Amino acid sequence: MPDLSADPHRPIYHFLPPDNWMNDPNGPIFYQGRYHLMYQYAPDVADGWGAKHWGHAVSDDLVHWEHLPIALSPDQTAGDQDGCYTGSAVLDDDGTPTILYTGVHPQVQCIARSRDGMQTWDKRACNPVIAEPPAGIAPKNFRDPCLWREDDGWYMVIGSGVEGVGGRALLYRSPDLMDWEYLHPLCEGVATETGDMWECPDFFALGDRHVLLISALGEQIYFIGHYNDATHRFEPESEGRIGGGVCYYAAKSFADGDGRRILWGWLRERRDREAQIAAGWSGAMSLPQALTMLPGARLGIEPASEVEALRGKALVDDAGSDLSGIRGDALEIELEVAMGVDAAVELGVRCTPDGREETTVRYDGAAQIIELDMTRSSVGKGVELAVHSRPLTLARGEALRLQVFVDRSVIEVYANGRECLVGRVYPTRSDAVDLRMRTSGDVAVNCLRVWEMPSIW
Ligand code: DQQ
């Protein structure tokens with residue numbers, strides 16, 4: 001096993017497993033005052049082709065973690081001999097932690113419970129609890145259950161889709177989490193718009209609306225709309241994307257003790273498979289993200305307030321400062337600028353002094369687009385160089401507010417509490433640690449703050 005701490009691309013303040021491969025967040029749950037985060041884990045390989053287990057970690061504060069023993073492993077008896085795929089955790093009607101997850105192959109739904117406070121999990125003898133997709137619709141795939149309780153029982157959506165037609169979130173109901181009755185699709189997509197397979201559906205009430213998250217076409221998509229709890233149908237009225245590209249996927253949420261809706265997303269690697277194997281690890285988790293419902297059926301997304309506890313030494317704390325001499329590969333940058341119409345601002349991170357490598361966060365006021373430009377992030381080979389972007393319209397008099405998190409190969413950008421861009425970058429040079437700001441047009445810096453971000457491990 002390579003020395004992981006020697007890898008300059010391995011994040012130091014984002015959650016990741018001790019080693020090897022991680023993908024989707026699984027079954028996040030707030031239980032007995034602690035945050036549990038489980039995740040798709042291949043404990044023996046770094047390239048994603050190993051059988052999937054559920055890794056497990058616990059936190060008192062949402063940002064510092066203790067690794068726990070693996071929660072679920074594939075075995076010969078539960079219908080999951082080829083992998084324990086993504087699913088959800090809830091407290092059943094007796095308060096017992098319960099997981100519904102997809103076992104493979106074929107894709108079936110399985111149940112496990114913990115009788116010792118989430119230290120160990122027992123797969124139920126009745127597995128699988130759903131042995132096949134609903135009759136007559138022959139979906140291409142059938143996985144990733146998401147659970148919630150209503151007055152008349154438990155409900156669950158399972159990701160699916162019909163090839164060439166569109167993705168489906170299939171709705172089920174159960175009195176006891178074990179006997180499941182198929183009802184109908186909670187929501188159906190159009191293949192040409194959102195692909196023909198919806199992975200990892202996540203469905204929850206938020207403010208005066210409901211949100212359905214789905215992962216499709218390599219991107220994190222969400223629909224906001226009204227859920228009719230009499231007909232059990234969901235009617236989307238708006239749609240958006242989180243992350244702006246393919247680096248953020250399979251997001252999964254939970255409600256904490258204060259009723260906040262917190263979201264985790266998988267931050268995919270964008271270096272080639274050989275590099276991931278050589279590194280001995282792959283995948284990181286996003287920062288915890290707090291979701292809110294904004295007027296006009298828009299999603300609010302920001303880092304959870306607990307992330308402030310990660311701040312170390314303040315390197316800049318004055319809007320009048322310039323960024324020369326400020327360096328780091330693990331930083332938080334907060335920037336607020338008042339902008340005239342047609343003005344633009346660029347913040348370079350992970351820059352070499354000669355500019356050969358630079359990752360650029362850019363807001364173009366004329367185009368009303370926020371983008372994360374990684375096309376010059378690395379001169380290395382086997383690395384994807386992409387631009388991720390989202391539309392961002394500033395209201396009259398509204399300043400641009402950015403929070404940019406740099407954690408070695410991870411870049412997370414939050415803009416005005418309603419857009420989030422995520423990227424992975426692999427600069428080759430050890431001096432790719434400078435910051436740089438450029439503006440054009442009528443721009444006034446209201447706030448500029450930079451913190452070092454120490455390791456959480
Ligand atoms: N990853 C899981 C699946 C899911 C996919 C398997 C999404 O259950 O559909 O690791 O990344």
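Scroll up for the structure.
Throughout what follows, the structure given in this document is the object of discussion. (Residues numbered from 1 in each chain as written. Predicted model: local features only at pLDDT ≥ 70, side-chain atom pairs only at ≥ 80, totals over all residues. Heavy atoms only, no water.)

Structural notes on the sheet that holds strand β9 (residues 142-150)
Here's step 1: The strand order β9-β10-β11-β12 describes an open sheet built from four strands, whose pairing is antiparallel. Edge positions in the sheet fall to β9 and β12 (181-188), since each of these pairs with one other strand and no more. Strand-to-strand twist in this sheet, taken as the mean axis angle between neighbours without regard to direction, amounts to 30°.
Here's step 2: Pairing of strand β10 (residues 153-162) with strand β11 (residues 166-174) involves nine bridges; the strand directions are antiparallel. Bridging across to β11, G161 finds its partner in G167. (Pairing = 2+ DSSP bridges. Helix = DSSP H or I, 4+ residues; strand = E, 2+ residues; numbered from the N terminus. Axes fitted to C-alpha atoms, helices over the stretch in contact; angles between N-to-C directions.)

Observations concerning the site of the ligand
Here's step 1: Inspection of the region around the ligand gives N23, D24, Q40, K52, Y85, T86, R143, D144, E199, C200, Y249 and W266 as its neighbouring residues.
Here's step 2: At a separation of 3.3 Å, an oxygen atom of the ligand approaches a polar side-chain atom of K52.
Here's step 3: A distance of 3.0 Å separates an oxygen atom of the ligand from a polar side-chain atom of E199.
Here's step 4: Protein contacts shield 92% of the accessible area of the ligand, which totals 310 Å² for the unbound molecule.
Here's step 5: Broken down by secondary-structure element, the contributors of at least two residues to the shell around the ligand are β1 (20-31), β5 (83-91), β9 and β13 (199-206). (Near = heavy atom within 4 Å. Polar contact = N/O pair within 3.5 Å; in protein donor to acceptor, adjacent residues only side chain to side chain. Areas by Shrake-Rupley, 256 points an atom, 1.4 Å probe, with all protein chains shown as cover.)

With respect to the side chain of N141
Here's step 1: Assignment of secondary structure puts N141 in the loop between β8 (122-123) and β9.
Here's step 2: Exposure remark for N141: the relative accessible area of 16% places this residue in the buried category.
Here's step 3: Look past the residues within four positions of N141 in its chain and what remains in contact with it is Q107, G159, S160, G161 and M197. (Buried < 20%, exposed > 50% of the residue type's maximum accessible area, 1.4 Å probe, protein only. Contact = heavy atoms within 4.5 Å.)

Some remarks on the packing of aromatic side chains
Here's step 1: Under the criterion given, the structure shown has 19 aromatic pairs.
Here's step 2: The interplanar angle of 50° and the centroid separation of 6.4 Å between the aromatic rings of F142 and Y172 together place this pair among those described as tilted. One end of the pair, F142, is in strand β9; the other, Y172, is in strand β11, and 30 residues separate them in sequence.
Here's step 3: Looking at F142, the relative accessible area reads 2%, which means it is buried.
Here's step 4: For Y172, a relative accessible area of 3% puts it in the buried group.
Here's step 5: With a centroid separation of 5.2 Å and an interplanar angle of 80°, the aromatic rings of F203 and Y227 are classed as edge-to-face. A residue pair is termed long-range when its members are at least 10 positions apart, and F203 in strand β13 and Y227 in strand β15 (residues 219-228) qualify at 24 residues. Comparing F203 with Y227, the two get one shared label, buried. (Phe/Tyr/Trp six-rings, centres within 6.5 Å; stacked < 30°, edge-to-face > 60°.)

This is a description of form; function is not addressed.
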